[in-house]
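Here are the chains, one letter per residue:
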Amino acid sequence: MTELCQPPNPFVRPPAFCLPSGATDCHVHVYGPDSRYPVATTRAFDVPEALPTTLASALDRLGVDRVVLVQPSGYGLDNRRHLEALGEMGRPARMIASLRADTSTSEIRQMHECGVRGVRYTIGHAGAAPLAEMPVLAKRIAEYGWHVQLHVMNDGGGSPLTEMEATLHELATEVVIDHLGSIRPDRGLSQPGFESLLRLVDTGRCWVKLSGAYRVSNAPPYADMIPFVQRLLSVRPDRLVWGSDWPHVSFRGNMPNTTDLLDQLLTWIPDEEQRAGVLVDNPAHLYKF
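Scope of this entry: the structure provided in the associated data block. (Residues numbered from 1 in each chain as written. Predicted model: local features only at pLDDT ≥ 70, side-chain atom pairs only at ≥ 80, totals over all residues. Heavy atoms only, no water.)

## Details of unusual backbone geometry
Then, number 1: With omega at 0°, the peptide bond leading from G32 into P33 counts as cis.
Then, number 2: Examined against the element boundaries, P33 turns out to sit in the loop between β2 (24-28) and β3 (45-46).
Then, number 3: Note the cis peptide between P220 and P221, where omega equals 5°.
Then, number 4: Position of P221 relative to the elements: it lies in the loop between β9 (206-210) and α7 (226-235).
Then, number 5: Look at H179: it is not a glycine, yet its phi comes out positive at around 50°.
Then, number 6: Summarising the element assignment, H179 is placed in the loop between β8 (175-177) and α6 (192-202).
Then, number 7: Its identity is not glycine, yet L180 carries a phi of approximately 55°, on the positive side.
Then, number 8: One can find L180 in the loop between β8 and α6.
Then, number 9: For L180, a relative accessible area of 1% translates into the label buried. (Helix = DSSP H or I, 4+ residues; strand = E, 2+ residues; numbered from the N terminus. Buried < 20%, exposed > 50% of the residue type's maximum accessible area, 1.4 Å probe, protein only.)

## So, the packing of helix α5 (residues 160-170) against α6
For any two helices packed against each other, one specifies the inter-axial angle together with the distance between the axes.
Then, number 1: Direction vectors running N to C along α5 and α6 enclose 15°, while the axes themselves pass 9 Å from each other. Our classification of the angle between α5 and α6 gives roughly parallel. The crossing of α5 and α6 is left-handed. Between α5 and α6, the contacting residues are L161, T162, E165, L168 and H169 on the first element and P192, G193, S196, L197, R199 and L200 on the second. (Axes fitted to C-alpha atoms, helices over the stretch in contact; angles between N-to-C directions. Parallel < 35°, antiparallel > 145°, perpendicular 65-115°, else oblique. Left-handed = near helix turned anticlockwise from the far one by under 90°. Contact = heavy atoms within 4.5 Å.)

## Focus: the sheet that holds strand β5 (residues 93-97)
Then, number 1: The parallel open sheet is built from eight strands, whose spatial order is β2-β4-β5-β6-β7-β8-β9-β10. Strands at the two margins of the open sheet, each flanked by one partner only, are β2 and β10 (240-242). On average, each strand axis in the sheet is inclined to that of its neighbour by 25°, with strand direction left out of account.
Then, number 2: Two strands pair when backbone bridges link them, and β8 and β9 are joined in this way by three bridges, in the parallel orientation. In the strand pairing of β9, V175 is matched with C206. (Pairing = 2+ DSSP bridges.)

## Description of the packing of α6 against α7
Then, number 1: Two elements in contact, α6 and α7, have axes whose closest approach is 9 Å; the angle formed by their N-to-C orientations is 25°. Taken together, α6 and α7 sit at an angle that is classed as roughly parallel. Between α6 and α7 lies a crossing of right-handed hand. Residues F194, L197, L198, V201 and D202 of α6 form the contact with α7, whose participating residues are F228, R231, L232 and V235.
Then, number 2: For the contact of α6 with α7, the per-class residue count stands at seven nonpolar, no polar and two charged. (Nonpolar A, V, L, I, M, F, W, Y, C, P; charged D, E, K, R; others polar.)

## Structural notes on the pairing of β9
Then, number 1: With five of its five residues buried, β9 lies for the most part within the structure.
Then, number 2: Here β9 shows two buried faces, one formed by C206, V208 and L210 and the other by W207 and K209.
Then, number 3: Chirality of the crossover, the property in question, places the unit of β8, α6 and β9 among those that are right-handed.
Then, number 4: Sheet topology note: the β9/β10 ladder contains three bridges and is parallel. In the strand pairing of β10, L210 is matched with W242.
Then, number 5: For the crossover from β9 across α7 to β10, the handedness is right-handed. (Right-handed = clockwise from strand over helix to strand, strands pointing away.)

## Quick word on the nonpolar core
Then, number 1: By size, the foremost hydrophobic cluster in this structure holds 83 residues, and its most contacted members are L69, W146, L150, L168, L232 and W268.
Then, number 2: Look past the residues within four positions of L232 in its chain and what remains in contact with it is L180, F194, L197, L198, V201, V208, P237 and L240.
Then, number 3: Counting nine residues, the second largest nonpolar core, distinct from the first, contains I96, V176, W207 and Y287. (Core = buried A, V, L, I, M, F, W, Y, C linked by side-chain atoms within 4.5 Å.)

Structural data, given as structure tokens:
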């Protein structure tokens, strides 16, 4: 039997700062209705319904104008829920899908027309597309301007990002790394995974999502992440985007308030112009809004 996740904190308040026009949440998921969108048998956990209408209301409260839907592991390779959610968000929306390398050209083209802009690979999840296919599919999607998005799970040891660094450098597409690469702040700036992340970002072909800090840090504003964000800003501030990671699935601690995950940017990126770049300009370039 799979574990049922706790639902997101339903209290979404206006943020502590006025978001610039075009502000974008670059990492969210939706779930349900379960009767229409069955989850994959390979799922690692069950998620309470987190409907597009609920997400849209939260984004309205936050003042977020655009959104990027990300195919979660719970739906495996069945992209229907998020493809259909693109038209339910009430704002410009893009999607990151999960595909096999033999997906037909016509299906890729149709997904592009719907708003898909990348393909996600998740290390360590059963049912995910095999990593061995990543270079093959990257060559196929490059002509559409898509990117490869990679979720590097924090396994408490090792450095999968470092192990994959050479492969990522050679991909035919740009790369987006989820959740700050799942780095552990207690391991310091010199940890191999973060050094790999900096080298990748420095090429200009790698982007990083400033998201998921609540999974590796203690409490808002997650101040122990500031040195890592500042270091990334010093390398390529134009290659950073922000995501709430709503509805915060498979999290066993005190459920974060989604607004706190936006307000953390005031501490992480105190410069208003840089913050606007992360929220508006960078996503517009990456996702071609």
